[in-house]
Each structure stands twice: as structure tokens, then as C-alpha cells.
Amino acid sequence: LGHTLGAAGAIESVICMLAMLQECLPPNTGCATPDPALTFTPLAQAAKVRVNAVMNNSFGFGGNNSSIIFGRSTGAELG
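Only a predicted model underlies this, so the values are computations on that prediction, with no experimental measurement involved.

Criteria and thresholds
- Residues numbered from 1 in each chain as written.
- Predicted model: local features only at pLDDT ≥ 70, side-chain atom pairs only at ≥ 80, totals over all residues.
- Heavy atoms only, no water.
- Pairing = 2+ DSSP bridges.
- Helix = DSSP H or I, 4+ residues; strand = E, 2+ residues; numbered from the N terminus.
- Salt bridge = Lys/Arg side-chain N within 4 Å of Asp/Glu carboxyl O.
- Buried < 20%, exposed > 50% of the residue type's maximum accessible area, 1.4 Å probe, protein only.
- Patch = residues over 30% accessible without salt bridge, like charges linked within 9 Å, V, L, I, M, F, W, Y side chains within 5 Å.
- Areas by Shrake-Rupley, 256 points an atom, 1.4 Å probe, with all protein chains shown as cover.
- Core = buried A, V, L, I, M, F, W, Y, C linked by side-chain atoms within 4.5 Å.
- Contact = heavy atoms within 4.5 Å.
- Disulfide = S-S within 2.5 Å.

Peer 1: Sorry if this is basic, but what is going on with the pairing of strand β4 (residues 65-71) here?
Peer 2: The two faces of a sheet get side chains in turn, since along a regular strand they alternate between them. Bridge analysis of strand β3 (residues 53-59) against β4 gives seven bridges, and the strand direction is antiparallel. When the bridges of β4 are listed, V54 appears paired with F70. Linkage of β3 to β4, two consecutive antiparallel strands, is achieved through a turn of five residues, within which G62 is found at a positive phi near 70°.

Here it is as C-alpha cells:
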């Protein structure tokens, strides 16, 4: 997604929303040998789970950084 430059953040946001809507975590790619210092095991294949929140980090040229968190609504905030 990095080669899309400015659109990468938008594409990643769509992927985040799809993960929540489809209740599926996408796998990590290119991780044949995980770092043994990790306290978790990266996903080798997609996992079907309820996704309540996702975070998208986007880093641009010249120190432009942005993070956005999407969360599932409980309906309580609608009053």
C-alpha cells in the first residue's frame, strides 16, 4: 500500500472498516520467522473474530504522521 502515497491511509482505513464489518483479521504477510522476542504470534492466515476496534497508522514524507482509531458503536452514545 505504500506505493499509493497519499491514498495509502485511505485504503488502510477501508481495510480496517472491512475487518470490523466482516469480523475477520487479515494475516501478516512476509513473516516466515517471527521475532522470538514477540509476546504474540503473528497471524499466518485470516482469523474469524469479532473486531471491536482497529487502529490505522499512516506515516508520510517530512514527518507527517497520523493515527485513527475506529470502534464499534454500542448504541449508548446515540442516547
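Peer 1: Would you mind going over the pattern of salt bridges with me for this structure?
Peer 2: Oppositely charged side chains may form a pair once their charged atoms are brought near each other. Summed over the entire model, instances satisfying the criterion amount to two salt bridges. When the shortest N-O distance is used, the salt bridge between E23 and R50 registers 3.2 Å. Placement of the pair is E23 in the loop between α1 (8-22) and β1 (24-25) and R50 in the loop between β2 (47-48) and β3, with a sequence separation of 27 residues. Take E23: its relative accessible area is 26%, and that puts it in the partly exposed class. R50 gets classed as exposed once you look at its relative accessible area, which sits at 53%. In this structure, R72 engages E23 in a salt bridge whose closest nitrogen and oxygen atoms are separated by 4.0 Å. Taken together, the residues R72 in the segment after β4 and E23 in the loop between α1 and β1 connect sequence positions 49 residues apart.

Peer 1: Sorry if this is basic, but what is going on with a nonpolar patch on the surface here?
Peer 2: Where nonpolar side chains cluster on the molecular surface, the patch consists of V14, M17, L18 and L21 and spans about 370 Å² of accessible area. Structurally, M17 can be placed in helix α1. Residue M17 is classed as partly exposed on the basis of its relative accessible area of 34%.

Peer 1: Please explain the nonpolar core as it appears in this structure.
Peer 2: Considering soluble globular proteins, one finds that nonpolar side chains tend to be buried as a cluster. Among the nonpolar cores identified, the biggest contains five residues, and these are C16, M20, V51, V54 and F70. When near neighbours in sequence (up to four residues on either side) are disregarded, V54 contacts C16, M20, I68, I69 and F70.

Peer 1: I tried to follow the state of the cysteines on my own but got confused; where do I start?
Peer 2: Joining two cysteines, a disulfide is a covalent bond between their sulfur atoms. Tallying each qualifying case throughout the model produces zero disulfides. In this structure C16 is a free cysteine whose sulfur lies 13 Å from that of C24, the closest cysteine sulfur available.

Peer 1: Looking at this model, I keep getting lost on the environment of P42. Mind explaining?
Peer 2: The topology assignment puts P42 in the loop between β1 and β2. Placed ten residues apart in sequence, P42 and A32 show a C-alpha to C-alpha distance of 9.7 Å. The residues contacting P42, other than those within four sequence positions of it, are N28, C31 and P34.

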